[in-house]
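# Structure assessment
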Amino acid sequence: MKISTLVLSLLVMSVMSFAQKLQVQELTCEYQDNPIGIDIETPRFSWKLITGQRAITQKSYELRVGLDQAALAKGQNILWHSGIVSSDQSVSVPYAGPPLTSRQRYYWQVKIADNTNVVSRWSEIKYWEMGLLKSDDWTASWIEPNIPGDSVGRPSPMLRSNFDLKKNVRSARLYITAHGLYEAHLNGQRVGDQYLSPGWTSYNKRLQYQTYDVTPLLKQGVNAAGVMLGDGWYRGHLAWENNTNIYGKNLAVLFQLEIIYSDGTKESVISNEGWKCSTGAITKSGIYYGEAYDARLEIPEWVHAGFNDTEWKPVRVLAESKKNLVASYGPPVRKQETFKPVKISKTASGETIVDFGQNLVGWINLKVTGSAGTQVTIHHAEVLDKDGNFYTENLRAADQEILYTLKGSGQEIYEPRFSFFGFRYVRVKGFPGELKPENIIAIALYSDMKTTGKFSTSNALLNQLQHNILWGQKGNFVDVPTDCPQRDERLGWTGDAQAFSRTAAYNMDVAAFFGKWLKDLSADQVEDGRVPFVIPNVLGKNASASAGWADAATIIPWNMYMAYGDKRILEQQYESMKAWVGYIEKTAINDLWNTGFHFGDWLFYRPLDDNDGRAAVTDKYLIAQCFWAHSTQLMINTASVLNKKDDVSHYTNSLKKIKDAFAREYMTASGRLVSSTQTAYVLALQFDMLPENLRAQSADRLAQNIKDYGNHLTTGFLGTPYLCEVLTRFGHNDLAYTLLLQETYPSWLYPVKMGATTIWERWDGIKTDSTFQTPGMNSFNHYAYGAIGDWMYRTITGLKEVSPGYKELMIAPKPGGKLTRASAELTTVYGQVKSSWTIEDDIFKLDVVIPVNTSAQVILPNAASRKITERYIDISKVKVIKEVSTIGQDVKLKLGSGTYHFEYPVK
């Protein structure tokens, strides 16, 4: 078929016109798409701009909010109209209308004009829905099971009630929380797809409730509600020495179902004295223990209308305050990836072992057929020993056990409810018949954060390292940033979290995740400003104030601000930040923070045969002084953003004294430090503790130290995150690559070569002879050393922010390590950023994507005096490239939004 030239031209023009249209997409309210049940009284709106043209920015925006979707679409009955606001702000724009009310749904949309005066259409309509904003919005009562012997490790209570709905239901919301973990049901159907709810917070100060749209689960006539409870973090075992009942001894639930009928009338179904309780098939559950389930004790109809509960016991009603209730803020825990067995084998001792190929966190789904009373026992482990035997010694007191007892009625399907497991392997005992791959799968479970970053290179080991970093994050971001997900710990260690927080923000959207956790940091902060080792704090007030751990109070808010451009996190955390630095100021003597307990450079290199001072021991007070300076600098930065001029002045003066004291106490006149370790020089250089004229030679000392160890790192949790960054900054980028690509212990790639699929706690968790490090502390899923991911994104592909939220960004790749290609993508609050380079046939090629409404500095390495083209046109002739300058051997370009392709010869 022939197409005329005219028709073809019109078709091409039509396609180009469509591609260049200005569109507003991906609207969010408080980082969520159509959230319900929020209690933020001034919510913020964000959106992204899409266009086919380059160098486009937003010139103005116009927001409108209404109570009726259809009316809003017509521009009628507007509750709040921003008017046309001359601004390029498209992230975290605050609502500024009339006060918001509990339970109300609000609809909103936006349109924008760009810098070429193109005006978009009104966006699609989105909504948000308020939760219960006042404690007296709660009419339900706290109820707890009245079951004799109810205590830790006992059967999970079940609570239920029938209720009659006289009319057709238009909409229904369930507001619910618990002391312990809950699973709610209506008419035999599970409510929602969240797990381990209500999550882990500082319960007595901040207890989250969840809001569910349960309209489809209800019917006219008799309905049934049921809630099952588990010990969870509330009263179950946490930490060590039989530490239980931390927040309370009794499980309880608060259940408030609010219904609007088709005729507009309302009714509520609430937890009260009319509910009844019993126990069922879950005979034991716990975070560390696992779960025991006796299917013979199932009560299948207990959450169906008409169930006869005359033998169930009445509940107890509590006079419990509701002032600590807050709406959920962080992303809920949900099921994620599934894994089929890659191998099912038997050991020499006859044990059946299933290998899922990936160290993950979650649980198994088991399908089994057998006679009633048959018991299947499943244990979970991360590794096998060198002989292929199941290895659990590193779990310490955590059983990580499933005990399933069959009811004997055809195929039975089981998944746990109130625990989670860290594992790659499971050991199955008592399975009737032959265990086949279709009988068992593994399901990953973690906070539902969107994956935002992708990173790959021409080096397969580096790609596996990135995989391990990401899966270390997934496995440990289970509602709180845990240190490890398998042994009897799983606590929110502050040092691990701060070290990894910048890398975390590359890999996944952690804005709300850390925002939620930081609220608990503030809540659990000691009155004098000390920050506990773990958040939520289950170790007591005295377990606090360690340098590099407590500094999570300042470091993480600043990192989140830079990653997402959200000033509110600084506003919310400012008093906490100030209190922590204030504590150090009060504790310091003569401007030196040289008192108190500190973990120091945790798990630094210390060989067993150290007879000549080879262990890399760094003075803990030197480390403390460096982190005090860093936190003080972050206070200067934060106070400047928040326009607190007096605080800027105070912390500026303080910082000079801190650095002067450091020089007097820890440094010789020539710049040599009292601890001649990699970590000492890394921290002193990273935080600018040294006079400028001494920094280069100190960096040379650092480089020589690394070479003295055969090009190996010796750093621990506090030095490792900044090691390569400091080397690159001070002209030792080749050495940074050498360290990164080192394959022998200690190094990042040594665990990769040993088969790791997540980041290890120790550099030699498995030794070269395939034996294990000390089992008392040897996690194989411990993300702290994964902080190198930050350098990989920032240096190998050069992708980093210049201003908060990547409003202005930089792409400045520094090739090295014999890599021939590297690529990174990052979904920022403005849209996707991309940096992808290759070296082929002596031609350097760089592909760049810059989101609409942002700008970028692009630095082309070793491009000076080279002929550079963009889309095969000399850059001097490309109109959208406004600035070109030379920095040493590099060429710097200033670009607006769009997609670019650069090429030039490398020789």
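Residues numbered from 1 in each chain as written. Predicted model: local features only at pLDDT ≥ 70, side-chain atom pairs only at ≥ 80, totals over all residues. Heavy atoms only, no water.

### Some thoughts on the pairing of strand E42 (residues 855-860)
Quick note on the threshold: Only protein chains enter the accessibility calculation, which uses a 1.4 Å probe; a residue whose area is less than 20% of its type maximum is buried, one above 50% is exposed, and one in between is partly exposed. Strands here mean DSSP runs of E at least two residues long; helices mean DSSP runs of H or I at least four residues long; both are numbered from the N terminus. The pairing criterion is simple: DSSP has to find at least two bridges between the two strands.
Counting buried residues along E42, five of its six residues qualify, which places the element largely inside the surrounding structure. Judged from the four bridges that link them, strand E38 (residues 808-811) and E42 form a sheet pairing that is parallel. Along E42, the bridge assignment pairs Ile811 with Val858. Pairing between E42 and strand E46 (residues 890-895): five bridges, direction antiparallel. Looking at E46, one finds that Val858 is bridged to Leu893.

### Examining unusual backbone geometry
A cis geometry characterises the amide bond from Ile535 onward to Pro536, with omega recorded as -5°. Relative to the helices and strands, Pro536 is located in the loop between helix H6 (511-524) and helix H7 (552-564). The residue after Tyr745, namely Pro746, is reached through a cis peptide bond having omega -5°. With respect to the helices and strands, Pro746 occurs in the loop between helix H14 (733-740) and helix H15 (749-753). The phi dihedral of Ser92 is positive, around 55°, even though this residue is not glycine. With respect to the secondary-structure elements, Ser92 resides in the loop between strand E5 (78-86) and strand E6 (93-94). Overall, Ser92 belongs to the buried group, its relative accessible area being 13%. One non-glycine residue with positive phi stands out, namely Asn590, at about 55°. Within the secondary structure, Asn590 sits in the loop between helix H8 (567-587) and helix H9 (620-641).

### A few points about the side chain of Arg701
We apply this condition: Contact criterion: two residues are considered in contact whenever any of their non-hydrogen atoms come within 4.5 Å of each other.
Within the secondary structure, Arg701 sits in helix H12 (residues 692-708). Leaving out residues up to four positions away in the same chain, Arg701 has contacts with Ser670, Gly671, Arg672 and Tyr681.

### Describing the environment of Asp193
Heads up, the condition is: What qualifies as a polar contact is a pair of N or O atoms within 3.5 Å, subject to a donor-acceptor requirement within protein and to the restriction that residues adjacent in sequence count only when both atoms come from side chains.
Assignment of secondary structure puts Asp193 in the loop between strand E13 (189-190) and strand E14 (207-213). For Asp193, a relative accessible area of 42% translates into the label partly exposed. A sequence separation of twelve residues divides Asp193 from Lys205, and the C-alpha atoms of the two residues are 26 Å apart. If near-sequence neighbours (up to four positions away) are discounted, Asp193 is found in contact with Val333 and Arg334. A polar side-chain atom of Asp193 sits 2.8 Å from a polar atom in the side chain of Arg334.

### A few points about the sheet that holds strand E47 (residues 898-905)
The condition is simple: Think of each axis as a best-fit line through the C-alpha atoms, taken over the contacting stretch in the case of a helix, with angles from 0 to 180 degrees between the N-to-C directions.
Taking strand neighbours across the sheet as the criterion, the seven strands line up as E34-E39-E40-E41-E47-E43-E44 in an open arrangement whose pairing is antiparallel. Among the strands making up the open sheet, the edge pair consists of strand E34 (453-457) and strand E44 (873-874). Sheet topology places strand E39 (residues 821-827) next to strand E40 (residues 832-840); seven bridges connect them, and they run antiparallel. When the sheet's bridge partners are listed, Ala824 is paired in E40 with Ser835. Seen against the sheet, helix H16 (residues 788-796) touches E34, E39 and E40 and runs at an angle of roughly 70° to E34.

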